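Architecture and fold: a report
So you can see what is in the structure, the chains are spelled out below.
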Amino acid sequence: MSATHSGGPESGGHPTVDLDLAVSVDDPRWRDVTAAPDIDLRPAVESAIAAAGGPGGALEVSVVLADDAQVRRLNRDFRGIDKPTNVLSFELTVGAGAPRPGRPLLLGDVVMAFETVVEEARQQLKSPRDHTIHLVVHGVLHLLGYDHRTEAGARTMERLETRVLADLEIADPYTEGRLQA
């Protein structure tokens, strides 16, 4: 499902990104958060890529809407942390070089944990949909090489996230404390 959006008002002001977005709903409870996840999440992915000055050309991103058990297994197997987390990003472009002719550059996968995301939203008095969109933006920034291991890196990510979310008409998630992502 590849689409290019112009940055004009007719597209809701979303940036131009040639994106092949694959959204997999592994846990049907996500349908309570967003009835149309591929439509709801596309602007978040596109805006994060554009705000970060992501690579040009055709890009591919996968978002997996999973549950805590699936994310816990991934977190344990790939990070050595045996507990669920809200979002995991698996960057696939490191060492990949240029995409094959006629194929998009595969940025990677963003995997979300339903129970953790919904509980965080409840605790932070945010809508689960807005929190999900924020974490998708956060995960895409990780795919593009951003991290929050240092205070400077965290500030850079927060500024980008806040700007993208403002463009998507979502409140600054950092005004009431800091998220653990």
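Computed from a prediction, not measured in an experiment: that's the story for all the values here.

**Some details on the side chain of Thr132**
Mapped onto the secondary structure, Thr132 falls in helix α5 (residues 128-143). Overall, the relative accessible area of 2% leaves Thr132 in the buried class. There is a polar contact of 2.7 Å between the side chain of Thr132 and the backbone oxygen of Pro128. Aside from chain neighbours lying at most four places away, what touches Thr132 is Trp30, Val33, Leu41, Met112 and Val117.

**Structural notes on the nonpolar core**
Grouped together as the largest cluster of nonpolar side chains are 35 residues, with contacts concentrated most on Leu19, Val45, Ile49, Val61, Val63, Met112 and Val136. Of all the elements, α5 adds the most residues to this core, at seven residues. With residues up to four places along the chain from it excluded, the contact list for Ile49 reads Val17, Leu19, Gly54, Leu59, Val61, Leu107, Val140 and Leu144.

**Brief notes about the packing of aromatic side chains**
Under the defined criterion, the tally for this structure stands at two aromatic pairs. Their ring planes at 80 degrees and their centres at 5.3 Å tell us that Trp30 and Phe114 sit as a pair that is edge-to-face. Remark: Phe114 occurs in helix α4 (residues 114-123) and Trp30 occurs in helix α1 (residues 30-33); sequence separation between them is 84 residues. Take Trp30 and Phe114: they sit in the same class, and that class is buried. Ring geometry for Phe78 versus Phe90: centroids 5.2 Å apart, planes at 70 degrees, classification edge-to-face. A residue pair is termed long-range when its members are at least 10 positions apart, and Phe78 in helix α3 (residues 68-79) and Phe90 in strand β4 (residues 87-91) qualify at 12 residues.

Reading the values: the criteria
- Residues numbered from 1 in each chain as written.
- Predicted model: local features only at pLDDT ≥ 70, side-chain atom pairs only at ≥ 80, totals over all residues.
- Heavy atoms only, no water.
- Helix = DSSP H or I, 4+ residues; strand = E, 2+ residues; numbered from the N terminus.
- Buried < 20%, exposed > 50% of the residue type's maximum accessible area, 1.4 Å probe, protein only.
- Polar contact = N/O pair within 3.5 Å; in protein donor to acceptor, adjacent residues only side chain to side chain.
- Contact = heavy atoms within 4.5 Å.
- Core = buried A, V, L, I, M, F, W, Y, C linked by side-chain atoms within 4.5 Å.
- Phe/Tyr/Trp six-rings, centres within 6.5 Å; stacked < 30°, edge-to-face > 60°.

None of the figures reported here should be taken as evidence of function without further support.
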